[in-house]
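So the chains spell out like this:
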Amino acid sequence: MIKLEALYSGKAKTVFKTDDPKKLIMEFRNSLTAFDGKKKSEAPKKGYYNAQISAKLFKLLEEKGIKTHFDSILSDTEMVVDSVEIVKIEVIVRNIAAGSLTKKYPFTTGQKLDPPILLFDYKSDEHGDPMINDDIALALRLATKEELSKIRKIALKINSILIGYLDTKNLLLPDFKLEFGRRGGEIVLADEISCDTCRFWDKTTGESLDKDVFRFDKGDLVAAYREVAKRIVPEIF
Ligand code: UDP
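Described below are features of the structure shown in this document. Model, not experiment: these values are computed from the prediction.

### Let's talk about the pattern of salt bridges
Then step 1. All chains considered together, the criterion is met by 26 salt bridges.
Then step 2. Here arginine 94 and aspartate 175 are joined by a salt bridge, their closest N and O atoms 3.2 Å apart. Remark: aspartate 175 occurs in strand β12 (residues 171–183) and arginine 94 occurs in strand β9 (residues 89–96); sequence separation between them is 81 residues. Neither arginine 94 nor aspartate 175 differs from the other in exposure class; each is buried.
Then step 3. Residue arginine 231 is joined to glutamate 227 by a salt bridge in which the shortest nitrogen-to-oxygen separation is 2.8 Å. On the criterion of helical spacing, the pair formed by arginine 231 and glutamate 227 is a turn pair, its members being four residues apart in helix α6 (residues 221–232).
Then step 4. When its relative accessible area of 28% is taken as the criterion, glutamate 227 is described as partly exposed.
Then step 5. The structure contains a network of salt bridges with shared partners spanning Lys13, Lys123, Lys177, Glu179, Asp191 and Glu192.

See the structure below:
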């Protein structure tokens, strides 16, 4: 497979075309942003840990019957993925109250959310990723009613698979973000699942092992990401 020009460069990943029109190469970079890009930094090996964690979790989900865009790992920081049409909705799943949820609503940090809360944000930097409901998604033609219902069902299934798996690694999953794409007629999981897109808390200490370390200057970000990688992909150490 030949890597061609960059198709898109986001805040932490760059997507490249390849000589196969059905495949793309996704590169995980060391750059970091938070608060709509207002806070920026670089962290050595962040791209490596996130790529390896994401690949492992996508493989796990595939084994459990979830269709994803993941094809293979190409290098330390790159993976081959199917080219899909991204649904412009960020799907947020929340199991434990944290972050803005405790500011906007009377939840306390650490409070268990039962049943889990599923939220949709409109994926648009220009509009600041506002929260939307089904009616807005339908009116904006972001997805069909059937697609929204499929996305909800798949997101909840992914949530229960990840909660069970991470529990065996002594990790809690307070919340995370998913993105979906269209491949032919089907909805598949796309993007990444990593320390940049999930809150991971150590089950024993409650310590943050994710991007909150960067957002709120809680300590050594690379050490936190390395710790998650050690638990999820011990084979790379
Ligand atoms: N998230 C993400 N990208 C986004 C928005 C959210 O990866 O553009 C993840 C984030 O890392 C967290 C979860 O989704 O794990 C909830 O984030 P949100 O911004 O909704 O809430 P907050 O961080 O304000 O609590």
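Right, picking up where we left off after that structure.
### Some points on the pairing of β12
Then step 1. Within β12, eleven of the 13 residues are buried, which leaves the element mostly enclosed by the surrounding structure.
Then step 2. Pairing analysis gives two bridges linking strand β8 (residues 85–86) to β12, with the strands arranged antiparallel. When the sheet's bridge partners are listed, glutamate 85 is paired in β12 with arginine 182.
Then step 3. Across four bridges, the pairing between β9 and β12 is antiparallel. Pairing of valine 93 across the sheet is with phenylalanine 176, part of β12.
Then step 4. As paired strands, β12 and strand β14 (residues 198–202) are joined by four bridges and run antiparallel to one another. Looking across to β14, one finds that phenylalanine 176 is bridged to cysteine 198.
Then step 5. As defined by bridge partners, β12 adjoins strand β13 (residues 186–190) across five bridges and the pair is classed as antiparallel. By the bridge assignment for β13, glutamate 179 is matched with alanine 190.
Then step 6. Two successive antiparallel strands, β12 and β13, enclose a turn made up of two residues, where glycine 184 displays a positive phi of approximately 60°.

### Some remarks on the site of the ligand
Then step 1. Near the ligand, the surroundings consist of 15 residues, among which Glu90, Arg94, Ser100, Asp175 and Arg215 are the closest.
Then step 2. The side chain of glutamate 90 places a nitrogen or oxygen atom 3.0 Å from an oxygen atom of the ligand.
Then step 3. One of the side-chain N or O atoms of serine 100 is found 2.8 Å from an oxygen atom in the ligand.
Then step 4. Relative to its free-state accessible area of 510 Å², the ligand is covered by the protein chains to the extent of 78%.
Then step 5. Listing elements by their share of the shell around the ligand, those giving two or more residues are β9, β12 and β14.

### Topic: the layout of surface pockets
Where empty space is left can be seen by rolling a probe of water-molecule size over the atoms.
Then step 1. Here the second largest pocket defines a volume of roughly 250 Å³.
Then step 2. The wall of the second largest pocket is formed by Gly65, Ile66, Lys67, Ser149, Lys150, Lys153, Ile154, Lys157, Glu186 and Ile187.
Then step 3. Sorting the residues of the lining of the second largest pocket by element identifies α4 (145–167) and β13 as the ones contributing at least two each.
Then step 4. Among the elements that make up the lining of the second largest pocket, the one with the highest residue count is α4 (five residues).
Then step 5. Looking at the lining of the second largest pocket, its residues break down into three nonpolar, two polar and five charged.

So, how was this worked out
- Residues numbered from 1 in each chain as written.
- Predicted model: local features only at pLDDT ≥ 70, side-chain atom pairs only at ≥ 80, totals over all residues.
- Heavy atoms only, no water.
- Salt bridge = Lys/Arg side-chain N within 4 Å of Asp/Glu carboxyl O.
- Helix = DSSP H or I, 4+ residues; strand = E, 2+ residues; numbered from the N terminus.
- Buried < 20%, exposed > 50% of the residue type's maximum accessible area, 1.4 Å probe, protein only.
- Pairing = 2+ DSSP bridges.
- Near = heavy atom within 4 Å.
- Polar contact = N/O pair within 3.5 Å; in protein donor to acceptor, adjacent residues only side chain to side chain.
- Areas by Shrake-Rupley, 256 points an atom, 1.4 Å probe, with all protein chains shown as cover.
- 1 Å grid on protein atoms, 1.4 Å probe; cavity = no way out; pocket = protein on both sides within 12 Å on 5 of 7 lines; lining within 4 Å.
- Points joined across faces, edges and corners; volume = space filled by probe spheres on them.
- Nonpolar A, V, L, I, M, F, W, Y, C, P; charged D, E, K, R; others polar.

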